[in-house]
Amino acid sequence: MRDAVIVDAVRTPVGRGKPGAGALSGIHPTDLSAHVLKSLQERNGFDPTIIDDVVWGCVSQVGEQAGCIGRYSVLAAGWPESVPGLTIDRQCGSSQQAVHQVAAGVIAGQYDVAIAGGVEVMSRVPMGATSAGGQFGTPYGTLVAERYDNYRFNQGIGAEMIAEEYGLTREQLDQHALDSHARAAKAVDEGRFKDQIAPVQTENGLFDTDEGIRRGGTLEKMGQLKTVFKEDGVIHAGNSSQISDGSAGLLITTSEIAAKNGWTPIARFHTGVLAGVDPITMLKGPIPATRKVLDRAGLKLSDIGAFEINEAFASVSLGWQKDLGADYELLNPNGGAIALGHPLGGSGARLMTTLVHHMKDQGIKYGLQSMCEGGGMANGTILELL
């Protein structure tokens, strides 16, 4: 029976998604994706003609990210025209879904060697560019709006609802955010990201370190930030994920084909599932996805040595931890999206890249990843160290 193994995983450093100010803001998203593809090729020495497909996640598929960026990224990398590319959208989980899709294709025999990943350059294609309404309307019609008596779903309000449901105070959320920055800063200082980052040459020099990490934060400073979605709420810029630029990709094949190519895989794709929740709260999907993936894998929460749960908002990851009772120290041990950033379509692959390298470095047998997704969904993935 065929399996699916991750031979390598690489990412760019994550830049601030500020037009003209972020380190990656001067780079076209297709070119940034091409940098990841070429880095995988250079690190693993393959002839790109063996790549059966490049499956690329991207959320805002408009403007510079339109027209199937997966395909144009292949061409930008200078690879043969025979190599195809696909672009998929499962909102923030797009590139985690890309991994699921490639793994399924490899196991089924439709692919022998393929690449999964994603990109988002939010400084050039702003969040909401494809769903702001205007002359082309809203992304959902009357039937959906009437079903939920809601004509504009709001993730920030959903994050506030989760905080209220789990009794999470602003101080708890702010401390979670500070922990994210502290863990990310420690990971940088200890060189934990070195093997997973492909530095990017920019007009201002070589960019090789995640740009959003802030040091020296305090609860007092966080307490001065104004809430965004509710006047008496708990969610603000400091305990939310950052608007970011970035890309990541993973080289996936079977154990047998890896051996034939002289590759030593890092991890096996053990189990993948999907879950759906209501689109109002929207962000609670990682909770049922975690339960479902553990059940399908025949594993217990205590079997997992590291969790990557996307910090879209502090209430999402902290609510997940409170609901499931997971060890807080194992949750996003190298920092999460609050510190490292959240380049939408690239985030799933960024989380998985960080996860597989952490598993390798720490000798962790099983790692679990999940992330909330627009519309009320979540992917759940378990990887097994090889």
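The coordinates are above.
Below is a short write-up of the structure. This structure is a prediction, so every number in the text was calculated from the model and none was measured. Sequence positions are assigned chain by chain, starting from 1 and proceeding in written order. Confidence filtering applies because this is a predicted model: local features only for residues at pLDDT of at least 70, side-chain atom pairs given and counted only at 80 or more, and all residues used for totals across whole chains, interfaces and linings. Values reported for side chains reflect all heavy atoms of the structure, with hydrogen atoms and water molecules removed beforehand.

### Quick word on the overall build of the protein chain
For clarity, the cut-off: Each helix corresponds to a stretch of at least 4 residues labelled H or I by DSSP, and each strand to a stretch of at least 2 residues labelled E; elements are numbered beginning at the N terminus. Put simply, the radius of gyration uses C-alpha atoms, and a globule should come to 2.2 Å times the residue count raised to 0.38. For the exposure calls, accessible area comes from a 1.4 Å probe over protein chains only, and a residue counts as buried if that area is under 20% of its type's maximum, exposed if over 50%, partly exposed in between. What makes two residues a contact is simply this: any of their non-hydrogen atoms within 4.5 Å. Here, Shrake-Rupley sampling with a 1.4 Å probe gives the accessible areas, and only protein chains in the shown set may cover a residue. Only four residue types enter the charge count, namely Lys and Arg as positive and Asp and Glu as negative; His and the chain termini do not. For this purpose, a charge sits on NZ of Lys, CZ of Arg, CG of Asp or CD of Glu.
The helix and strand inventory of the protein chain stands at twelve helices and twelve strands. In terms of overall dimensions, the protein chain is globule-like: its C-alpha atoms have a radius of gyration of 20 Å, near the 21 Å expected for 386 residues. Here the C-alpha coordinates of the protein chain stretch approximately 60 × 50 × 45 Å along the principal axes. In the protein chain, which comprises 386 residues, the proportion classed as buried is 56%. Pairs at least 24 apart in sequence give 80% of the contacts found in the protein chain among residues at least 6 apart. Within the structure as shown, the protein chain displays about 15,500 Å² of accessible surface, and the carbon and sulfur contribution to it stands at 49%. Separation between the mean location of the 32 positive side-chain charges and that of the 43 negative ones in the protein chain comes to 2 Å.

### What about the pairing of strand β12 (residues 377-385)?
Note the cut-off: One bridge is not enough; two strands pair if DSSP finds at least two bridges between them.
Among the nine residues that make up β12, seven are buried, leaving the element largely enclosed by the rest of the structure. Judged from the nine bridges that link them, strand β9 (residues 267-276) and β12 form a sheet pairing that is antiparallel. Paired with F269 across the two strands is L383, which belongs to β12. Of the strand pairs in this sheet, strand β11 (residues 366-373) and β12 are connected by eight bridges, and their pairing is antiparallel. Looking across to β12, one finds that G367 is bridged to L383. Remark: three residues form the turn of the hairpin made by β11 and β12, two consecutive strands paired antiparallel; G375 in that turn has positive phi of roughly 90°.

### A look at the layout of surface pockets
Where we set the bar: A cavity here means a set of points on a 1 Å grid, drawn over the protein atoms and nothing else, where a 1.4 Å probe fits but cannot get out; a pocket is an open set with protein on both sides within 12 Å along at least five of seven lines, and a residue lines either one if it has an atom within 4 Å of a point. Grid points are joined across faces, edges and corners, and a volume is the space filled by probe spheres set on the points. Polar here means any residue outside two lists: the nonpolar Ala, Val, Leu, Ile, Met, Phe, Trp, Tyr, Cys and Pro, and the charged Asp, Glu, Lys and Arg; Gly therefore counts as polar.
Estimated volume of the largest pocket: approximately 1,400 Å³. For the largest pocket, the lining is made up of 42 residues, of which Q91, M127, G128, S131 and Q155 are closest to its centre. For the lining of the largest pocket, the per-class residue count stands at 19 nonpolar, 18 polar and five charged.

### A short note on the packing of aromatic side chains
Given two aromatic rings, their pairing is described by the distance between the two centres and the angle made by the two planes. To be explicit about the condition: Ring geometry is summarised as follows: Phe, Tyr and Trp rings, the Trp one being its six-membered ring, pair when their centres sit within 6.5 Å, and such pairs are stacked at plane angles under 30 degrees, edge-to-face over 60 and tilted between the two.
Tallied over the entire structure, the rule returns six aromatic pairs. Plain terms: the ring middles of F46 and W263 are 6.5 Å apart, the flat faces sit at 85° to each other, and that makes the pair edge-to-face. Of this pair, F46 sits in the loop between α1 (29-44) and β3 (53-57) while W263 sits in the loop between α8 (255-260) and β9, and the two are 217 residues apart along the sequence. With respect to class, F46 is no different from W263; both count as buried. With centroids separated by 6.0 Å and ring planes inclined at 80°, the aromatic side chains of F229 and F313 adopt a geometry described as edge-to-face.

### What about the packing of α1 against helix α2 (residues 69-76)?
Helix-helix packing is described using two parameters, namely the angle between the two axes and the distance between the axes. Our working rule: Angular values range over 0 to 180 degrees, each being the angle between N-to-C directions of two axes fitted as lines to C-alpha atoms, with helices fitted over their stretch in contact. A clockwise turn of the near helix away from the far one marks a right-handed crossing, whereas an anticlockwise turn of less than a right angle marks a left-handed crossing.
Relative to each other, α1 and α2 sit at 65°, their axes nearing to 8 Å. Viewed along their axes, α1 and α2 form a crossing whose handedness is right-handed. In contact with P29, T30, D31, S33, A34 and L37 of α1, α2 contributes I69, Y72, S73, V74 and A76. In the contact of α1 with α2, the residues fall into seven nonpolar, three polar and one charged.

### Section: the environment of G137
Positionally, G137 belongs in the loop between β5 (113-121) and α4 (142-148). Separated by 26 residues in the primary sequence, G137 and A163 have C-alpha atoms spaced 31 Å apart.

### Quick word on the pattern of salt bridges
As a reminder of what qualifies: Any Lys or Arg side-chain nitrogen found within 4 Å of a carboxyl oxygen on Asp or Glu counts as a salt bridge.
Applying the stated criterion across every chain yields a total of 15 salt bridges. The closest approach of N and O atoms between E256 and K260, which form a salt bridge, is 3.6 Å. Of this pair, E256 and K260 both sit in helix α8, four residues apart, which is roughly one turn of the helix. Each member of the pair, E256 together with K260, is exposed. Of the charged contacts, one joins R291 and D323 as a salt bridge, the two residues approaching to 2.7 Å between their closest N and O atoms. Remark: D323 occurs in helix α10 (residues 314-324) and R291 occurs in helix α9 (residues 286-297); sequence separation between them is 32 residues.

### So, a nonpolar patch on the surface
The condition that has to hold: Any residue with relative accessible area above 30% and no salt bridge may belong to a patch, with like charges joined within 9 Å and the nonpolar Val, Leu, Ile, Met, Phe, Trp and Tyr side chains within 5 Å.
Residues I157, M161, V228 and F229 make up a contiguous nonpolar surface patch of about 300 Å² in total accessible area. In this fold, I157 is placed in helix α5 (residues 155-165).

### Things to note about empty space enclosed by the protein
In this approach the atoms are scanned with a rolling probe the size of a water molecule, which exposes any empty space left behind. What the rule picks out here adds up to two cavities of 30 Å³ or more. Taken as a whole, the largest cavity encloses approximately 50 Å³ of empty space. Residue lining of the largest cavity: R192, F193, Q196, N334, T354, H357, H358, D361 and Q362, and that is the complete set. Along the lines of polarity and charge, the residues of the lining of the largest cavity split into one nonpolar, six polar and two charged. The calculated volume of the second largest cavity comes to roughly 40 Å³. Around the second largest cavity, the lining residues are I162, Y166, L283, K284, P286, I287, S315, V316, G319 and W320. At four residues, α10 tops the list of elements feeding residues into the lining of the second largest cavity.

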